[in-house]
Amino acid sequence: MLGEQRLVNLADRVVEVSGVVGVVLGGSRARGEHTEDSDVDLGLYYRRPLDVDALGALARELAGPGAQVTQPGAWGPWVDGGAWLRIDGTAVDWIYRDLDRVRSCWAAAQRGEFAFHAQVGHPLGVPDFAYAGELALARVLADPTGELAALRQQMATYPETLGRALVARLWEAGFTLDIARKAVSRADTAYVAGCVFRVVLLCAHALHGWAGRWLVNEKGAIASAGRLPAAPPGFTVRTHGVLAHLGDRPDQLQAAITAAQALLDDVRAICKAPHQPIPCGTAGDPVADASGRLR
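Residues numbered from 1 in each chain as written. Predicted model: local features only at pLDDT ≥ 70, side-chain atom pairs only at ≥ 80, totals over all residues. Heavy atoms only, no water.

**Digging into the overall build of the protein**
Which entries qualify depends on this criterion: Per the convention used, a helix needs a DSSP run of H or I reaching at least four residues, while a strand needs a run of E reaching at least two, with both numbered from the N terminus. Each radius of gyration is computed over the set of C-alpha atoms, and the globule rule expresses the reference value as 2.2 Å times the number of residues to the power 0.38. Relative accessibility under 20% of the residue-type maximum defines a buried residue, over 50% an exposed one, and the middle range a partly exposed one, all with a 1.4 Å probe and only protein chains included. Here, two residues are considered to be in contact whenever any of their heavy atoms come within 4.5 Å of each other. Working definition of accessibility: Shrake-Rupley area with a 1.4 Å probe, residue cover restricted to the visible protein chains.
What the protein contains, in helices and strands, is 12 helices and seven strands. Compactness check: the protein gives a C-alpha radius of gyration of 21 Å against a globular reference of 19 Å for 295 residues, within 12% of the reference. Projected onto its principal axes, the C-alpha coordinates of the protein cover approximately 60 × 45 × 30 Å. Here the protein, with 295 residues, has 50% of them falling under the buried criterion. Look at the contacts in the protein between residues 6 or more apart in sequence, and 64% of them connect residues 24 or more apart. Within the structure as shown, the protein displays about 13500 Å² of accessible surface, and the carbon and sulfur contribution to it stands at 53%.

Spelled out as structure tokens, the structure:
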């Protein structure tokens, strides 16, 4: 396992590359939830033009002659690009983040605006506010100008407007269950499974928004939501139970949808969520109290 000082030394080398503004430690290691087998995720925050050739030369110096780095955007519009390396026997991922795009997504989150974007490896979609959440949850390793630290300090305060928007998005979960019911008579397990998955992830995001906590990935989202103090009792077990026992008969699918509806109703009750979309700022729009929780 790479030690703390080794990580800092690596980050100091990376920020010497033209275009790299700073380097952070992200993922499970930043959260203190890693195991010995966990990858080391290093976020490389850059501004164009990024000197990919120099970055590649450094990767080969650190990880061997076969190491390769990508151009920005090579891994898709939201994962961006980077490198999969092995340094000192440890898997180290370099993950690009365009700093100006991060700032743009942060500004949108502060306005309560967000969307889930199609991206390989993200079945619900990448929430654009994840760029802000990633930096808020990360640990800065190298930041010569102090820009990352200043931005991260802003992001430490979760935007109440974003929380309200995520709770309001529960209307989609209700609509999704309504259309899932149309597939019951056809015993279309695959369609119902897709709908139920979307519903429970929207619930997880709403619970995190209500609590003012960043959620940036589908992986572990249900367990994370279940650990929130305000989560419905047994949220994680109930959610996994719904998805694990969908069945392939109409009565089984109907039972699963009923169980998912009960989960959604419990989340709505906790978050005081409307059943229909309410334009932001109109009467009935949930607001936050002094503690930052929505009411």
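Past the structure itself, the notes keep going.
**Considering the pattern of salt bridges**
Quick reminder of the rule: Every case where a carboxyl oxygen of Asp or Glu lies within 4 Å of a side-chain nitrogen of Lys or Arg is listed as a salt bridge.
Under the defined criterion, the tally for this structure stands at 16 salt bridges. Arg139 is paired through a salt bridge with Glu4; the nearest N and O atoms lie 2.8 Å apart. Of the two residues, Arg139 is situated in strand 7 (residues 139-142) and Glu4 in helix 1 (residues 4-14); the sequence distance between them amounts to 135 residues. Using a relative accessible area of 32% as the deciding quantity, one classes Arg139 as partly exposed. When its relative accessible area of 43% is taken as the criterion, Glu4 is described as partly exposed. Arg198 is the salt-bridge partner of Glu172, the closest N and O atoms lying 2.5 Å from each other. A residue pair is termed long-range when its members are at least 10 positions apart, and Glu172 in helix 8 (residues 170-181) and Arg198 in helix 9 (residues 189-211) qualify at 26 residues. The buried category is assigned to Glu172, whose relative accessible area is 11%. Overall, the relative accessible area of 24% leaves Arg198 in the partly exposed class. Look at the salt bridges and you will find they share partners, linking Arg47, Asp100, Arg103 and Glu147 into a network.

**Description of the pairing of strand 6 (residues 122-127)**
Going by this rule: Any two strands with at least two DSSP-identified bridges between them are counted as paired.
The element strand 6 is extensively covered by neighbouring structure, given that five of its six residues are classed as buried. When strand 5 (residues 116-119) meets strand 6, the two strands line up antiparallel, connected through three bridges. Note on strand 6: the bridge partner recorded for Gln119 is His122. Between the end of strand 5 and the start of strand 6, which pair antiparallel, lie two residues, with Gly121 showing a positive phi angle near 90°.

**Overview of the sheet that holds strand 1 (residues 20-26)**
The criterion, for reference: In this analysis an axis means a line fitted to C-alpha atoms, helices contributing only their contacting stretch, and an angle means the value between N-to-C directions, from 0 to 180 degrees.
Read from one edge to the other, the open sheet built from five strands follows the order 3-4-2-1-7, with strand pairing classed as mixed. Pairing within the sheet leaves two strands with one partner each, and these edge strands are strand 3 (82-87) and strand 7. When strand polarity is set aside, the average angle formed by the axes of neighbouring strands in this sheet is 30°. For strand 3 and strand 4 (residues 90-98), the ladder comprises six bridges, and the chain directions are antiparallel. In the strand pairing of strand 4, Ala83 is matched with Trp94. Helix 1 contacts strand 1, strand 2 (40-46), strand 3, strand 4 and strand 7 of the sheet and is inclined by roughly 60° relative to strand 7. Set on the sheet, helix 6 (residues 147-155) makes contact with strand 1, strand 2 and strand 7; between it and strand 1 the angle comes to about 50°.

**Re the nonpolar core**
Soluble, globular proteins show a tendency: their nonpolar side chains are buried together. Basically, it comes down to this: Side-chain atoms within 4.5 Å are what join buried Ala, Val, Leu, Ile, Met, Phe, Trp, Tyr and Cys residues into a set we call a nonpolar core.
Ranked by size, the top nonpolar core spans 64 residues in total, and within it Met155, Leu162, Leu207, Trp214, Phe235 and Val267 carry the most contacts. Looking at which element gives the most residues to this core, the answer is helix 9, with 12 residues. Once you skip the residues sitting within four places of it in the chain, Phe235 turns out to touch Val200, Cys203, Ala204, Leu207, Ile222, Ala225, Gly226, Leu263 and Val267. One finds Leu2, Val23, Val40 and Ala59 within the second-largest nonpolar core, a separate group that totals 31 residues.

**A look at the UniProt feature "domain: DUF4037" (unreviewed entry) in the protein**
We count it as follows: UniProt positions are given in the numbering used here, feature names are shortened, and annotations may be inferred rather than shown by experiment.
Cross-referencing UniProt, the feature "domain: DUF4037" (unreviewed entry) maps to residues 138-214 in the present numbering. For residues 138-214, the end-to-end C-alpha separation is 11 Å, with 69% helix and 5% strand making up the annotated structure.

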